[in-house]
Amino acid sequence: MAERSVSFLIAKLGSLLLEEANFLGGVKTQILSLHDELEWINSFLRDADEKRRSNRRVNLWVSQVKSLAFDAEDIIDLYMLQIVRQRQRNMVKRFMGSSKYLFTLHMLGKEMEDINRRIEKISANKLKYGVEAFETGETSARLDDGLAQKRRRDTMEEEVDVVGFEKDSDEVAMLLKQEDSRQLLVVPIVGMGGLGKTTLAKKVYNRSDVKNTFDSCAWVYVSQEYRIKDLLSRAIAQLMMHPKKELETKDEEDLVRILSGHLKEKRCMIVFDDVWKREDWDRLKLAFLVHQGEGKQQRVLLTTRNVEVAKHADPLIAPYELQLLGDEESFELFSKKVFQYQARSEERSYSKDLEDLGKKLVARCGGLPLAIVVLGGLLSTKQRTLSVWNKVLESVNWQLNEGPQQCMDILALSYTDLPYYLQFCFLYFGLYPEDYEISSEKLIRLWVAEGFIQQRGEETMEDTAEEYLEELIDRSMIQAANRRSDGGVNYCRIHDLLRDLAVSEAKKDRLLEICGSSNCSASSLSRIRRLAIHPNNSGMHPISSSTLYHLHSFLCFSKNLQKNEWKGLYVGFNLLRVLDLQNVTTLKDLPKEIGGLVLLKYLNLRRTKLRRIPHSMGNLCNLQTLDLSDTSITRIPKEIWRMQQLRHLSISGIYHPPNLVECIEKVVTKIGRSCCRRPPRVDNLRDLQTLHLPAGSWIEGGLNKLTNLRELGIDGELRLHTKALTHSIVKLKKLRVLHLWEERGIEYYLPFVSFLHHVHLYKLVLYGRLEKIPAPEDFPPYLIDLHLYCSYLKQDDQPMATLEKLPNLKILELGWDAFEGKEMICSGGGFAKLQNLILSVLPNLEDLKVEQGAFPCLQVLTIHGCEKLKMLPDGLQHVTTLHELNIGSMPREFKARVQKDTGEDWEKIKHIPSVTIF
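Residues numbered from 1 in each chain as written. Predicted model: local features only at pLDDT ≥ 70, side-chain atom pairs only at ≥ 80, totals over all residues. Heavy atoms only, no water.

(A) Looking closely at empty space enclosed by the protein. Enumeration according to the criterion identifies seven cavities of 30 Å³ or more in this entry. Its volume calculated, the second largest cavity comes out at about 60 Å³. Along the walls of the second largest cavity sit Phe424, Leu427, Tyr428, Leu431, Phe452, Leu511, Leu512 and Arg530, which together make up its complete lining. Split into classes, the residues belonging to the lining of the second largest cavity amount to seven nonpolar, no polar and one charged. (1 Å grid on protein atoms, 1.4 Å probe; cavity = no way out; pocket = protein on both sides within 12 Å on 5 of 7 lines; lining within 4 Å. Points joined across faces, edges and corners; volume = space filled by probe spheres on them. Nonpolar A, V, L, I, M, F, W, Y, C, P; charged D, E, K, R; others polar.)

(B) A look at the sheet that holds strand β6 (residues 438-439). Reading across the sheet, the three strands line up as β6-β8-β7 and stay open at both edges, with antiparallel pairing between neighbours. Strands at the two margins of the open sheet, each flanked by one partner only, are β6 and β7 (479-483). (Pairing = 2+ DSSP bridges. Helix = DSSP H or I, 4+ residues; strand = E, 2+ residues; numbered from the N terminus.)

(C) Structural context of the side chain of Lys337. Residue position: Lys337 is located in helix α16 (residues 327-338). Among the polar contacts made by the side chain of Lys337, one reaches the main-chain carbonyl oxygen of Asp474 at a distance of 3.1 Å. Only 3.0 Å separates the side chain of Lys337 from the side chain of Ser476, close enough to count as a polar contact. (Polar contact = N/O pair within 3.5 Å; in protein donor to acceptor, adjacent residues only side chain to side chain.)

(D) Representation of the packing of aromatic side chains within the structure. Here the structure, examined in full by the defined rule, presents 23 aromatic pairs. When the centroid spacing of 6.0 Å and the interplanar angle of 65° are considered together, the rings of Phe272 and Trp281 count as edge-to-face. You'll find Phe272 and Trp281 in the same group, each marked buried. With a centroid separation of 6.4 Å and an interplanar angle of 40°, the aromatic rings of Trp281 and Phe288 are classed as tilted. Aromatic ring contacts, followed pair by pair, group Trp741, Tyr767, Tyr789 and Trp816 into a single cluster. One Lys or Arg, Arg529, reaches over the ring of Phe70 and ends 4.2 Å from the middle of that ring. Positioned above the aromatic ring of Tyr748, the side-chain terminus of Arg719 is 4.2 Å from the ring centre. (Phe/Tyr/Trp six-rings, centres within 6.5 Å; stacked < 30°, edge-to-face > 60°. Buried < 20%, exposed > 50% of the residue type's maximum accessible area, 1.4 Å probe, protein only. Lys NZ or Arg CZ within 6 Å of the ring centre and 35° of its normal.)

(E) Layout of the sheet that holds strand β2 (residues 216-221). Ordered in space as β2-β3-β4-β1-β5, the five strands form an open sheet in which the pairing is parallel. Each of the sheet's edge strands pairs with one partner strand only, and the pair in question is β2 and β5 (320-321). Taken together, the four bridges between strand β3 (residues 268-273) and strand β4 (residues 298-304) define a ladder with parallel strand orientation. Looking at β4, one finds that Met269 is bridged to Arg299. Its contacts with the sheet put helix α8 (residues 197-205) on β1 (184-190), β2, β3, β4 and β5, and the angle it makes with β2 is roughly 165°. (Contact = heavy atoms within 4.5 Å. Axes fitted to C-alpha atoms, helices over the stretch in contact; angles between N-to-C directions.)

The analysis is restricted to geometry; functional conclusions fall outside its scope.
Structure (structure tokens):
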């Protein structure tokens, strides 16, 4: 990781020498000398970084190099801060001739001299104390010996490697389904970290025989850091198909009442994953006890590392203790990861000698699944040769400890094996709370803002970052929680043990600190570069630039951060690059001092109570990401249109005030006493890749020039800008996702253009009337995901006859009067690749016909709020791929037809593993 720090500094020095040479004067020679010396040192760092864990001298030398790199980076940033501020005042020439400039240059020269003296001493110590002797020889386990892998997985692919759990799954399922007179029965799964408790619970949770036993099911992650209110709202949202956002306003008592009321009426199963303490379970079970003796029987599947928690959860049921994998099961899991198929397969692309060596490696993992999967992920990137695998066998202390730390040596090996460009990316996961579902889109933007991603040819930094994330997933360092319809990662998470590793490695070099944990103190915050605030933080010290002068990033995961704790962020934090205050409900106003953070690249204020933006925000000339969605803002200052570095801008949201559109349209430039109305020049923002805004006159301000746009979302009065909008969309050929939302969709037609040449567009969301269903050739040729709302398509249009011809469509939603006809026909052979069909709030639909041969790949069907629909189509019995049917907000008579065994439509759907009625 030191290699990454120095590489980043070298790139920054090179950029400074190239772009700001006129400002450097005599200091240029010193900076060039530092640049050259660092290039030499960097050539030794890769091997030294690997050996620092086992040699104290090497560790000290690497730490000194890294500390020097951080200090030099801060010095350069502070110098650039002066230049940027003078540029903003249009006083560059005057500044260069001033005594202040000479003093600034003098101080920079002195600091560079000090840095160069330090680097000379570090270089001398390298030889003096024999550090160089430890750096010879070949790297033990690096991608130099490896294979670069890039693959995009299918959206429905199961991410979890599961072997050896068949018997366990059967036994746990039997415990859950057993007849028991008790109202609440808890089945605890217990075992050390990395043993596969969550994997087993997921396997049981997804079994059709288990799901069909209950009316509804929910999965809730608990972990050490949690708020009981969040856990309850997650359970309610899943059990009742309730929008989670509406639950955020409820207090804990209300949530208990809502959940207990549902449990009284329905037989449910809830998984509480990763419960740490007895009192955690005691708080959670309150909702099950409110209607004790009155309601339905409930089942809870609970996972924990603590045997005492497992015994306490249900004293009448012995905890299900997971065992280590046997030799055969261990090698099968290893083979799935390394060779991508079962070890027992008759085909084999590797020698018997390599198989024997693989079994030796697996045997050292002691049957621990996480260790096996991570080791397999490491070897999957390497050549399948005896010499390469032997290096791995020899490169780690395989005398594993007993207990929860058993696999840490293997995890540490996998971390040190990461190429330098992935190490910072991996450590960044240490900032997130345990069991946190991490948005990959947000994560990638943070990586770019942090400077972890370097430009690579014509590829965008975001694309490069996505490849980095996929590589971490392929190595089993990170898990893909779910994927987008195009196969990309939507949300990801990190295993607790790997997160612990990331935190401990990052803290060694003061890369991050977490407030919310018991060991966070004022002394631990000294000179750290990244700070995360987690929920349940107690006794946090107010943020002060006197102790956090070097802070580069501030991320808050707590909604209740008090103003006196964060208000100091805007003063004195000149090096801040990332400020993430998403969901901080105490934030209502930004002070004008925000404009002083001119190095800021990422600003996220989504879902705060923010009411206004100060004009000083226009000073944030380096800002790449600005997210103001779902706030209370009523006026957008014109300065935003001058932020030419913006790559991602989001201001709209379904909860924006109705006058926001009007306010944006009335951006006014005052000239003397008069005003002139003119559209903001959005074409100044040529680097924009993501744009979400309410409709306004800015559409006439050069939207067609934003040819780098990947994602565009516009909501509001689109009809006022139809010509400019359609003209622009035709030219935005790099679009991947398009949302168009006409505010008065019932009254006005939505503009529709031919998307024949939009070969990257995979997701299309249209809200508003369509004059008619477009021809198949007018849709994007590689469209995967289509959502139509309020389209009011006629019976004569027969939209299904058109949509079923789209060759790559996997997800289709018709909702809110998208179709106003009475009969919908799905022809045989139609929808060749469709996997998910949603029919929602189609009030006139009476008859749905599915001909034999239609939907050959359909997996999920949802019918919701179609009140006149008489019955399920007979053709569903031929859709053998269907594994999930969801029926909600339908008449009582319709629900009666789909009841198990007794309903008239049951024969049509009895082959479907999961049928949910809500």
